[in-house]
Amino acid sequence: MSKIIAVAIEKGGVGKTTTALNIGAGLHLLKKSVLLVDLDQQGHLSRWLGYQPDGKPTISELIYQEVSGICSNDDALFIRHSDREQLDYIPANKMLGGIYAVLGNDGQSNTVLDRIFHRDFFARYDYILFDCPTAVDNLLVSNALKCSDKLLLPVQAEKFAYDCIPQMLQRYMAIKQTQDVKPYLAGMLVTMYSRQTKMSNEVFTALKESYGSLVFSEPVPMLQEARNSTDDDNALCGSLVHRKSSRVGQAYLAAAKRIAGDKQ
């Protein structure tokens with residue numbers, strides 16, 4: 001069976017998509033088979049993986065078919081492959097903005113993604129990563145959290161992101177119907193960290209004091225190379241984990257190694 005990981009946190013601009021891309025690429029570098037699923041209608045992850053509209057169905061159609069009871073005889077139709085990253089993915093587009101009404105029409109609206117991604121077809125992947133939109137209280141994110149085996153929280157090294165964590169964990173515990181969230185956490189990865197700033201150091205220290213070993217020991221530094229890697233107009237756009245000279249890439253690779261070592 002695949003291990004399904006939701007990359008999510010309430011605050012925007014913390015590097016969720018950058019994290020999903022680089023963790024996925026890092027797991028591939030570790031010889032794991034990976035599927036990335038773009039659940040954000042902005043479609044940044046899809047574009048960074050090289051997606052161009054091709055007339056084939058996206059995540060929106062996959063959800064619609066499940067809710068409508070349309071039996072897909074070939075889940076492979078939804079899969080694209082990024083030659084640059086050597087990763088499989090299911091893209092998103094702006095149609096995803098209307099999927100909430102579709103989900104709401106399902107009698108078990110919180111379990112649609114769970115039903116889809118536990119089909120036999122998807123068991124071929126070691127890891128499935130959901131790149132979630134920011135609003136954690138919407139039905140699509142609730143589906144991703146319900147379906148996931150683990151939650152990976154990218155936490156920007158600033159106070160507001162730190163303050164978002166308790167609410168996020170409470171929501172996840174409610175969805176998982178548990179009082180102990182630890183078994184369901186892949187961990188908290190500090191992003192946009194600058195060792196020269198007091199705020200970064202204080203947030204990283206506070207996270208370690210509050211959540212201990214749940215916090216990845218190597219934060220992702222705030223460097224221009226991270227911005228370049230996710231700039232649609234930049235020739236260097238792409239994951240960084242394969243670049244040994246990249247401090248950002250090596251931090252993500254260390255996180256991917258920890259996640260891979262946690263696979264049961």
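Here the structure is shown first, and the text comes after it.
Residues numbered from 1 in each chain as written. Predicted model: local features only at pLDDT ≥ 70, side-chain atom pairs only at ≥ 80, totals over all residues. Heavy atoms only, no water.

A. Summary view of the overall build of the protein. Each helix and strand in the protein was counted, giving ten helices and seven strands. For the protein, the spread of C-alpha atoms along the three principal axes comes to 55 × 45 × 35 Å. Per-residue burial over the protein gives 54% buried out of 264 residues. For the protein, the accessible area works out to roughly 11,700 Å², and carbon and sulfur atoms hold 49% of it. On the protein, the mean spot of the 29 positive side-chain charges and the mean spot of the 29 negative ones are 6 Å from each other. (Helix = DSSP H or I, 4+ residues; strand = E, 2+ residues; numbered from the N terminus. Buried < 20%, exposed > 50% of the residue type's maximum accessible area, 1.4 Å probe, protein only. Areas by Shrake-Rupley, 256 points an atom, 1.4 Å probe, with all protein chains shown as cover. Lys, Arg positive; Asp, Glu negative; His and termini not counted. Charge placed at Lys NZ, Arg CZ, Asp CG, Glu CD.)

B. The arrangement of the packing of aromatic side chains in detail. One pass over the structure, following the stated rule, counts five aromatic pairs. Relative to Phe130, the ring of Phe117 has its centre 5.3 Å away and its plane inclined at 70 degrees; by these criteria the two rings are edge-to-face. Separated by 13 residues along the polypeptide, Phe117 in helix H5 (residues 112–117) and Phe130 in strand E5 (residues 127–131) bring together distant segments of the chain. Assigned by exposure class, Phe117 and Phe130 land together as buried. (Phe/Tyr/Trp six-rings, centres within 6.5 Å; stacked < 30°, edge-to-face > 60°.)

C. View of the nonpolar core. Ile59, Ile63, Phe117, Phe122, Phe130 and Met188 are the most contacted members of the largest nonpolar core, which has 57 residues in total. Ranked by residue count, the leading element in this core is helix H7 (residues 159–176), at seven residues. Each residue touching Met188, except ones within four places of it in the same chain, is listed here: Leu153, Val155, Ile165, Leu169, Leu207, Tyr211, Leu214, Val215 and Phe216. Core analysis: the next-biggest nonpolar cluster, separate from the first, contains 32 residues, Val7, Trp48, Tyr89 and Leu240 among them. (Core = buried A, V, L, I, M, F, W, Y, C linked by side-chain atoms within 4.5 Å. Contact = heavy atoms within 4.5 Å.)

D. Region of the structure containing the packing of H7 against helix H8 (residues 198–211). Put simply, H7 and H8 touch, their axes get as near as 9 Å, and they point 25 degrees apart. Looking at the two axes, H7 sits roughly parallel to H8. The hand of the H7/H8 crossing is right-handed. Of the residues in H8, those touching H7 at Lys159, Tyr162, Ile165, Pro166 and Leu169 are Met199, Val203, Ala206, Leu207, Ser210 and Tyr211. Looking at the contact of H7 with H8 residue by residue, the class counts come to nine nonpolar, one polar and one charged. (Axes fitted to C-alpha atoms, helices over the stretch in contact; angles between N-to-C directions. Parallel < 35°, antiparallel > 145°, perpendicular 65-115°, else oblique. Left-handed = near helix turned anticlockwise from the far one by under 90°. Nonpolar A, V, L, I, M, F, W, Y, C, P; charged D, E, K, R; others polar.)

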